[in-house]
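Fold and contact review
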Amino acid sequence: MPVPTCPCGQDLPYAACCGRLHRGEATATTAEQLMRSRYAAFAMHDAAYLRRTWSLTTRPATIDFTPGQKWTGLEIVGTTGGSPFHSEGTVEFHAHYTRNGNPGTQSENSTFTREAGEWVYVAAL
């Protein structure tokens, strides 16, 4: 049986890609890697990881998943900053989904920063 690739769009098995971050075995080294891992967490309904990687300044009290919505693909449009040598960055992306069988796209330019040395999501621009 073939091993499924990671929902984030990288050509790696989930366990070797975002799964390592979700399990706490590794942390994101770039804002884009964090963005990809958060997309995968939405696809996997991993609220604990989403909370852990959300800035303390903007984190919601609860994380809800939309019933009937399935994330189907991630397209990174561009990035600014966000490298291992930066403390801030942005990632512009298109996240594709189906909701109750109807296709849709969420387009966003997200901001990221470091808190306690680790990348966290701040907000959408």
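Notes on the structure follow. On a predicted model such as this, the values are computed, not experimentally measured, just so you know.

Observations regarding the environment of Pro60
- Residue placement: Pro60 occurs in the loop between helix H3 (47–52) and strand S1 (69–81).
- In sequence terms Pro60 and Ala41 are 19 residues apart; their C-alpha atoms lie 16 Å from each other.
- Excluding residues that lie within four positions of it along the chain, Pro60 makes contacts with Arg51 and Trp54.

Some points on the environment of Thr72
- Turning to its location among the elements, Thr72 is positioned in strand S1.
- For Thr72, a relative accessible area of 47% corresponds to the partly exposed category.
- Taking the C-alpha atoms as reference points, Thr72 and Thr98, 26 residues apart in sequence, are found 7.0 Å from one another.
- Beyond its immediate sequence surroundings of up to four residues, Thr72 is in contact with Tyr39, His96, Tyr97 and Thr98.

Thoughts on helix H2 (residues 31–44)
- Taking 1.5 Å as the rise per residue, H2 with 14 residues should run 20 Å; its terminal C-alpha atoms sit 20 Å apart, in good agreement.
- Along H2, the residues classified as buried are Ala31, Leu34, Met35, Arg36, Ser37, Arg38, Tyr39, Ala40 and Ala41.
- Looking at the buried side of H2, the elements it contacts are helix H1 (18–22), H3, S1, strand S2 (88–99), strand S3 (102–115) and strand S4 (118–124).
- In the segment just after H2, His45 is the residue with positive phi, at about 60°.

As for the pattern of salt bridges
- Applying the stated criterion across every chain, the model contains 2 salt bridges.
- Between Glu25 and Arg23 there is a salt bridge, with the nearest N and O atoms lying 2.9 Å from each other.
- Judged by its relative accessible area of 54%, Glu25 falls in the exposed class.
- Here Glu32 and Arg36 are joined by a salt bridge, their closest N and O atoms 3.0 Å apart. Of this pair, Glu32 and Arg36 both sit in helix H2, 4 residues apart, which is roughly one turn of the helix.
- Residue Arg36 is classed as buried on the basis of its relative accessible area, which comes to 13%.

Points about the packing of aromatic side chains
- Under the defined criterion, the tally for this structure stands at 6 aromatic pairs.
- Here Trp54 and Tyr121 contribute two aromatic rings whose centre-to-centre distance is 5.2 Å and whose plane-to-plane angle is 85°, an arrangement assigned as edge-to-face. On the criterion of sequence distance, the pair formed by Trp54 in the loop between H3 and S1 and Tyr121 in strand S4 is long-range, its members being 67 residues apart. We note that Trp54, like Tyr121, is buried.

Some details on the nonpolar core
- Membership of the largest hydrophobic core comes to 21 residues, with the highest contact counts inside it found for Leu34, Met35, Tyr39, Leu74, Ala95 and Phe112.
- Counting only elements with at least two residues in this core, the list comes to H2, H3, S1, S2 and S4.
- Residue contributions to this core peak at 5 residues, all from H2.
- Each residue touching Tyr39, except ones within four places of it in the same chain, is listed here: Pro7, Cys8, Trp71, Thr72, Gly73, Leu74, Ala95 and His96.
- Residues Cys6, Cys8, Cys17 and Cys18 belong to the second largest nonpolar core, which totals 5 residues.

Rules of the game
- Per chain, residues are indexed from 1 in the order of the written sequence.
- Note on the predicted model: pLDDT of at least 70 is required for a residue's local features to be given, and 80 or more for side-chain atom pairs to be given and counted; whole-chain, interface and lining totals, by contrast, use all residues.
- The side-chain values count all of the structure's non-hydrogen atoms but skip hydrogen atoms and water molecules.
- Strands are runs of DSSP state E lasting at least 2 residues, helices are runs of H or I lasting at least 4, and numbering of each runs from the N terminus.
- The contact definition used throughout considers only heavy atoms, calling two residues in contact when any of these lie within 4.5 Å.
- Think of it in three bands: with a 1.4 Å probe and only protein chains considered, a residue is buried below 20% of the maximum accessible area for its type, exposed above 50%, and partly exposed in between.
- Given a helix with a known number of residues, its expected span is that number minus one, times 1.5 Å.
- Here, a salt bridge means any Lys or Arg side-chain nitrogen found within 4 Å of an Asp or Glu carboxyl oxygen.
- When two rings of Phe, Tyr or Trp (its six-membered ring) have centres within 6.5 Å they constitute a pair, described as stacked for plane angles under 30 degrees, edge-to-face for angles over 60, and tilted for the intermediate range.
- Here, nonpolar core refers to any group of buried Ala, Val, Leu, Ile, Met, Phe, Trp, Tyr and Cys residues whose side-chain atoms link them within 4.5 Å.

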